[in-house]
Each structure stands twice: as C-alpha cells, then as structure tokens.
Amino acid sequence: MTLVAAIVATSAGPAGSAAAAPSFGYLQPGGQPRLAEKVPVNVVFVGYEPAQVAKSGFLAELAGEYEPVVRSRLWYGVTEKLGIKYRYDYRLTYTGKPYEDQFFQQLGKLAKPAPLTAYQQAYNDQANNVLDIANNHTIDAPSVEKWLAFHPPAGVDTRRNTVFFINWYGRSDFKHHVYTKTGEPDPDTGYDFGVQRESRKLIAWGGTTADDEETGLGATRRVWFHDLSAGPESWTSNFDVDNPDLDGDGVVDYRMPPTWEYATGGFRSPSALAGDLGKLTRYVALNLLFTTSPLYPVELPTTNPPRTLDLDNNTYEGWPGVDASAKYIKPKLLVDELSELRWRNRFSQDQQDLPYDARAEECYLGALTEEPCYPDTGYPAGANLYLYNTENLDRALDDQGRVDYEIPLFNYAVGEGVDTPGLGFADDNYVDGDQSYVFSFISPDVVASGYGLTTTQIHEVGHHLGMSHPHDGYDSATGVDYGPAGEFYFANAGDENNSMMSYIDVNWDFSQFDRDNSDRFLTAAYWEAANRLAATVPAGRGRTALKAADLLLGGASKAFASHDYRAAYALADKAYSTVAAIPGVDAGSVSAQMRAEAEQARKSSKVHDTHEFIDTLAPESPRSQP
C-alpha cells in the first residue's frame, strides 16, 4: 500500500457521524500552510585547518532560520511568505591528513596538464598579485563531485545538503588547476561552452541529479564543492586583485580571491577567510542553492491548480530566409527537461508561426529604443511585448478546454543588424507579480554566441514555474533581495552548479537543488490551495473528506520534516484533491478573491521597473566573456 493510500485509509469513518464541526491539526481553512524543516547543513573543510577557518568566525556569518517568499511580489511592495520555515542545523567537519591525502591523490590523478587560462594569465598581469602561476591543469568537475558524494568523511551524510570547501594550496603535491564541465553542447547550435569558452573554467560545482543523462550520480546526493585554490577564474572575477570596484559605480565589488591571496600583503587579510567562507555558505549555498525563494508563485494563475500544462510556442519569424522555429527549437527536449522538474504535471507542446508585421515590429523595436507602443496605458516601453501579445492573445492560445493551463511562449527571430534584448525573459503581469508570458530571442548574433531557442525556453519556463537564478535571491534574516553586484558580487559563484537556471551554459538540466525546492514550494502551494478551498465548504458538509485532507496534510508535514519532499508534495496534492471533490466547494469565489487582491495591489503600487531578471547577453555580463 502506498503512503498516500495508507493515510487515506486511516481517515475512513462512519458516514454521517457526529455533526459537530471537525477539529483539524493541519488543515486551516483560509489560512497558510505550516511547514517546518530542520535542515541539516554539512560543511566539510578539506585542506583548511581550524586555525585558518575558525569555527566562531565562520558561524558568525550564518543565519539560524529562513522563510522563503515570492520574490516577484517584492516588486510591488508585498512580502508574501510561503508558510515554510527552515531551521538550519550546521554540522562542521575539519578533515584529517588521511582523508586529505586520499582526496588530493585523487585530484592529482584527474589533473591533466593544460595551458594557462586567459584569466590565470590576467591574474599574473596584475600589479598586486602574490604569485605568478607558471602552469595549469584541468580537472573534470563531475568526477570530483561524484567522488566527494560517495567518499565523504566519517559521519557526513551527503544525502543531506553538503558543502565541501577545498584548499589544495600549501601541500607538496599541489598543482594549479581549474575544473571543467564539457560534453553537453547547446542542442540547437552544437556549441560546447565548456570547451570553447575560457570563462567556463570553474572553481566550484555540484547539484547533479541521480538520473542526469550525461553525468548522473546514480543515487540521490546533495553536494556542492568550492575550491579557492583553483583558478583564478572569470566568473567571480577573482583574478582581479588590483581593482576594488570592477564596474566603476563607486561601490566595492566583494569577492573571494584565491587562497594564497589571504596573506599579509595579499588581497585579503588571513583573518577574513573564515568570514568569507561563511558568506559563501549563507548567501550562495543556502539562499541560492539549498533553500531558496521562488521567483514567481509556483501555483500558477489559474482557478484550480493545473494538472496538464501546454507549452504554447509562438514564433515571430522576422529573420529573412530562416525558419527559426524549425531550426532552433527541439520540442521533445523542451518537454522532457521541464517534466523532470514538474514531475506530477503532464506537459504537451505545440508550435505556430506568427506574422512579424509592422505593428509587431514597432513594439519590438520600441522595447529596444525605450519607445512605448501603448503610451496611453502609462506602461513603460519594457512592457511593449507584454501589451502587444495580450492584445493578440486569442490567436496564440489555442488549447483552451484541452489542457488546464497554457504557458504562452513568444519567440522573436530577427535578422542581421537587428538587436535583441538578450536571450529571453519571463515576464510578470504588471499588476501583482503573477507570471505572464515567456519571451525568447534569436538572431544571427545570438546564434554566433552559441545559443538556439530551446535552452533559453527551458530556462525561461523554469522562471515561469517559480525557479530563481542561482546567482540572485533573497536573504530572509535581513529581508534583502540581492544579485551579484557590490557587496554580493561573489554570488556569481552560485552559477557553478549543474542547474538549467545558471548562466554558465555547460549543462541543460535542472539540478537536485532545483527539484528539491520545487517540490517544497509545491507542497506549500497545494496546502494553501486546500486551505483556501476548505473555507468555502458549505456548513455541515464534507466532514469525512475534510478529516481525510487533514490527515493527508499531517503526512505531508511529517514527510517534509524528514526531507522526503516528493512524498510531501504528493500528499499535499492529494489533500487538495480531497477537498476539491466535496460537493458545493466554490473554487470560483477563491479565484475572485485572488483577483480582488491583485486589483488592490494594482491600486496600491506603481508599475515596477520591468525586466529585473532579463537574461542578458550584455558585454559586461559574465555570460558574454570569452
């Protein structure tokens, strides 16, 4: 008997039992979920001694708890919590010489001689560098992740979230090195960023799933490693030890230099190392990878939580002589990858081409030149594509009644000499932070940079379904939403993991961390949906079903607390379905209430500055570096 079936079976009671209103332990009609998890966080220091990384200095940077919020609501001045509270249980391990000898011997075996990267040479060219790098080696990052996942120190369970901080420098067998992830080119262009871009040489990696098609671990593990004795590298700009302010905005761009730069006369004082590794743990590993906040509401803007999702793909064919939708979209890959994230939904996909006529072109170009094509609305030019496609939505969405929810994808293919806003963005509704449409862009320049449409669409639909980047996020303790700039410049390190939501472009899969967070968010979403619907049950009805839903939510709560996120999600989903089946429930009134709340948000806040999270290919973006 399945866990769901067992819990439902225990809810059975005599029909028409006492008429008194039932008391609930978990179901709270009209209220929020109450999900709590004591999150084990293993931190393993390999090659760092306690004298280098003092426990007190490291722990001083960390927060004790985290409550995720819907980040898009913050644009409208609303802090919407999910009803989840994480309490961190930090477990620190300093490895001894036998383990370190074994690990670094393995690194030595994996290390292959290689030329200096452009960024190691740039480090050598700095005026204030502590040393010059004379030689280099490449090490396959997935191989190191797998070794650490299945050879942890005694007492460390890598099935739980685990950070390995690695320092090879200072040992007699040390070799200058970078990590690589290759063999997963863009499916539309064949461009392998891991091979062809110096900027994709890494100092960190992790998050690979058990069933990843290219480098799967074979069993579920949750590992991220970070090695300051590797590189220096492009992604976090830690090769630059001369310039405190990298972008010239007058603010110091905080970053973690190579290990040997934590020295008297180096870029950072030795006493700062413990705090810097603490910052990486809190603001990268925890906030951006292990226990994140969703970018958009995961429940999707529908009357009822949808079971079937259609990827409604619409392409404005404005690239002369090129059928972009046929050449640069792989429908099966799009469906397969998204199905791995939202595994209880059934995805379909359909495509059509739309005319890139004068009005479509006017609104597209206006978005680039900051010319609103709907000036009477008061919306900024950044909303041009949203407004134009809203006006013409009926010709795009064509599966009403056949699926529960259509995700509108609009692709703009433009020719030589026509700019693009970037690779894509997942827009909101300019009212309350609900998701609206997904926009992706293709041009000769975009293709020359290595990208087609498929991977951009997977990434942007990931946003639409709630996933954030692993380089920007929310810090619960301070209430700060941050990106990789200024005091949080080092947050770019989060991209160095096996996530489709990264900018690193060396893989096209959702990470284990993505899957965990999505399942947690959906547990909360279905619990809240059950609560909202329960508030509409007519008096005296559905007693047995409400008690059954309460028991199911109790099971979800216990599964969540024991880190079984898939079971928690399935049980919360079942609880919602149980309430929804009660005769007389009024999903329409819940939907109307939510619309009223959205209208109030529109009245109480101005239209936000659009495209906070546009996925850019601007020259200054790490993604654009050679």
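Rules used in this analysis
- Residues numbered from 1 in each chain as written.
- Predicted model: local features only at pLDDT ≥ 70, side-chain atom pairs only at ≥ 80, totals over all residues.
- Heavy atoms only, no water.
- Disulfide = S-S within 2.5 Å.
- Helix = DSSP H or I, 4+ residues; strand = E, 2+ residues; numbered from the N terminus.
- Buried < 20%, exposed > 50% of the residue type's maximum accessible area, 1.4 Å probe, protein only.
- pLDDT = per-residue confidence, 0-100.
- Contact = heavy atoms within 4.5 Å.
- Axes fitted to C-alpha atoms, helices over the stretch in contact; angles between N-to-C directions.
- Parallel < 35°, antiparallel > 145°, perpendicular 65-115°, else oblique.
- Left-handed = near helix turned anticlockwise from the far one by under 90°.
- Nonpolar A, V, L, I, M, F, W, Y, C, P; charged D, E, K, R; others polar.
- Pairing = 2+ DSSP bridges.
- Expected span 1.5 Å × (residues − 1).
- Polar contact = N/O pair within 3.5 Å; in protein donor to acceptor, adjacent residues only side chain to side chain.
- Salt bridge = Lys/Arg side-chain N within 4 Å of Asp/Glu carboxyl O.
- Lys, Arg positive; Asp, Glu negative; His and termini not counted.
- Arc of directions from axis to C-beta.

Focus on the state of the cysteines
Reasoning step 1: Enumeration over the complete set of coordinates arrives at one disulfide.
Reasoning step 2: The disulfide partner of Cys363 is Cys373, and the gap between their sulfur atoms is 2.3 Å. Here the disulfide of Cys363 and Cys373 is right-handed, its torsion about the S-S bond being about 110°. One end of the pair, Cys363, is in helix H11 (residues 358-369); the other, Cys373, is in the loop between H11 and helix H12 (384-391), and 10 residues separate them in sequence. With respect to burial, Cys363 and Cys373 carry one shared label: buried.

Here we look at the confidence of the model for the chain
Reasoning step 1: In the predicted model, the chain carries a mean pLDDT of 93, and 93% of its residues have values of at least 70.
Reasoning step 2: Counting interchain partners and residues more than four positions distant, the pLDDT-below-50 stretch residues 1-19 has 18 contacts.

Notes on the packing of helix H17 (residues 543-561) against helix H18 (residues 565-580)
Reasoning step 1: Interaxial distance between H17 and H18 falls to 8 Å at its minimum, and their mutual angle equals 165°. Comparing the axis directions of H17 and H18 gives the class roughly antiparallel. Crossing of H17 over H18 shows left-handed handedness. Touching Ala545, Leu546, Ala548, Ala549, Leu552, Leu553, Gly555, Ala556, Ala559 and Phe560 of H17 are Tyr565, Ala567, Ala568, Leu571, Ala572, Lys574, Ala575, Thr578 and Val579, all from H18.
Reasoning step 2: When the residues that make up the contact of H17 with H18 are grouped by side-chain class, the tally is 16 nonpolar, two polar and one charged.

Re the pairing of strand E12 (residues 405-414)
Regular strands place their side chains on alternate faces of the sheet.
Reasoning step 1: Judged by how many residues are buried, E12 sits mostly within the fold: 10 of 10 residues are covered.
Reasoning step 2: By the alternation rule, side chains of E12 split into Tyr405, Ile407, Leu409, Asn411 and Ala413 and Glu406, Pro408, Phe410, Tyr412 and Val414, which are all buried.
Reasoning step 3: Direction of pairing for strand E10 (residues 308-318) relative to E12: parallel, over a ladder of 10 bridges. Pairing of Asp312 across the sheet is with Pro408, part of E12.
Reasoning step 4: Here E12 pairs with strand E14 (residues 435-442) via five bridges, running parallel. In the sheet register, Tyr412 faces E14, and the bridge partner there is Phe441.

Re the sheet that holds strand E1 (residues 35-46)
Reasoning step 1: One open sheet holds the six strands; their spatial order is E2-E3-E1-E6-E9-E8, and the pairing between them is mixed. The open sheet terminates on both sides in strands that have one partner only, identified here as strand E2 (65-66) and strand E8 (204-206).
Reasoning step 2: Strand direction decides the pairing type here: E1 and strand E3 (residues 84-94), joined by 11 bridges, are parallel. Residue pairing across strands places Val44 opposite Thr93, the latter belonging to E3.
Reasoning step 3: Of the strands in this sheet, E1, E2, E3, strand E6 (162-166) and strand E9 (223-227) are in contact with helix H8 (residues 273-290), which crosses E6 at around 145°.
Reasoning step 4: Along the sheet, H17 makes contact with E1 and E3, crossing E1 at roughly 10°.

A few points about the packing of H11 against H12
Reasoning step 1: It is the contact of H11 with H12, at a shortest axis distance of 8 Å, that shows an interaxial angle of 160°. With respect to their mutual orientation, H11 and H12 come out roughly antiparallel. Side by side, H11 and H12 meet where Arg359, Ala360, Cys363, Tyr364, Gly366 and Ala367 of the first sit next to Asn384, Leu385 and Tyr388 of the second.
Reasoning step 2: Of the residues contributing to the contact of H11 with H12, the split by class is six nonpolar, two polar and one charged.

Quick look at helix H16 (residues 512-534)
Reasoning step 1: With 23 residues, H16 ought to run about 33 Å at 1.5 Å a step, and its terminal C-alpha atoms sit 33 Å apart, in line with that.
Reasoning step 2: Counting buried residues in H16 gives 23 out of 23 residues, a clear majority hidden from the surface.
Reasoning step 3: Capping the start of H16, Ser511 holds a side-chain oxygen 3.2 Å from the backbone nitrogen of Phe513, two or three residues further along.

What about the sheet that holds strand E4 (residues 112-114)?
Reasoning step 1: Reading across the sheet, the three strands line up as E4-E5-E7 and stay open at both edges, with mixed pairing between neighbours. What marks the edges here is a single partner per strand, and that holds for E4 and strand E7 (178-180). For this sheet, the mean inter-axis angle between neighbouring strands, taken without regard to orientation, is 45°.

Overview of the pattern of salt bridges
Reasoning step 1: All told, the structure shown has 29 salt bridges when counted by the stated rule.
Reasoning step 2: Between Glu65 and Lys85 there is a salt bridge, and its shortest N-O distance comes to 4.0 Å. Highlighted residues: Glu65 in strand E2 and Lys85 in strand E3, separated in sequence by 20 residues.
Reasoning step 3: Between Arg282 and Asp475 there is a salt bridge, with the nearest N and O atoms lying 2.8 Å from each other. Taken as a pair, Arg282 in helix H8 and Asp475 in strand E15 (residues 473-475) lie far apart in primary sequence, 193 residues in all.
Reasoning step 4: Relative accessible area serves as the criterion here: at 10%, Arg282 is assigned to the buried category.
Reasoning step 5: On the basis of relative accessible area, Asp475 is assigned to the buried category, the value being 1%.
Reasoning step 6: Put simply, Arg73, Glu80, Asp432 and Asp434 are held in one network by salt bridges that share partners.

Regarding the side chain of Asp615
Reasoning step 1: Structurally, the position occupied by Asp615 is in the segment after helix H19 (587-604).
Reasoning step 2: Although buried, Asp615 forms no salt bridge, and the nearest oppositely charged side chain, Arg623, lies 4.4 Å from it.
Reasoning step 3: Not counting chain neighbours up to four residues away, the residues in contact with Asp615 comprise Gly422, Leu423, Gly424, His459, Glu460, His463, His469, Tyr503 and Arg623.

Here we look at the side chain of Glu340
Reasoning step 1: On the secondary structure map, Glu340 appears in helix H10 (residues 331-341).
Reasoning step 2: Among the polar contacts listed, one links the side chain of Glu340 to the side chain of Arg515, at a separation of 3.4 Å.
Reasoning step 3: Setting aside residues up to four positions removed in sequence, Glu340 forms contacts with Glu213, Asp509, Arg515 and Arg566.

Some details on H11
Reasoning step 1: Under the 1.5 Å per step criterion, the end-to-end length of H11 is 16 Å for 12 residues, consistent within 8% with the ideal 16 Å.
Reasoning step 2: Taken as a whole, H11 has its buried residues at Ala360, Cys363, Tyr364 and Gly366. The arc that holds every buried residue of H11, seen down its axis, measures 160°, which confines them to one face. Opposite the buried face of H11, at more than 90 degrees from it, the exposed residues are Ala358 and Thr369.
Reasoning step 3: Tucked inside the fold, the buried residues of H11 contact E10, H12, E12 and E14.
Reasoning step 4: Where H11 terminates, the next one or two residues include Glu370, which has phi positive at roughly 65°.

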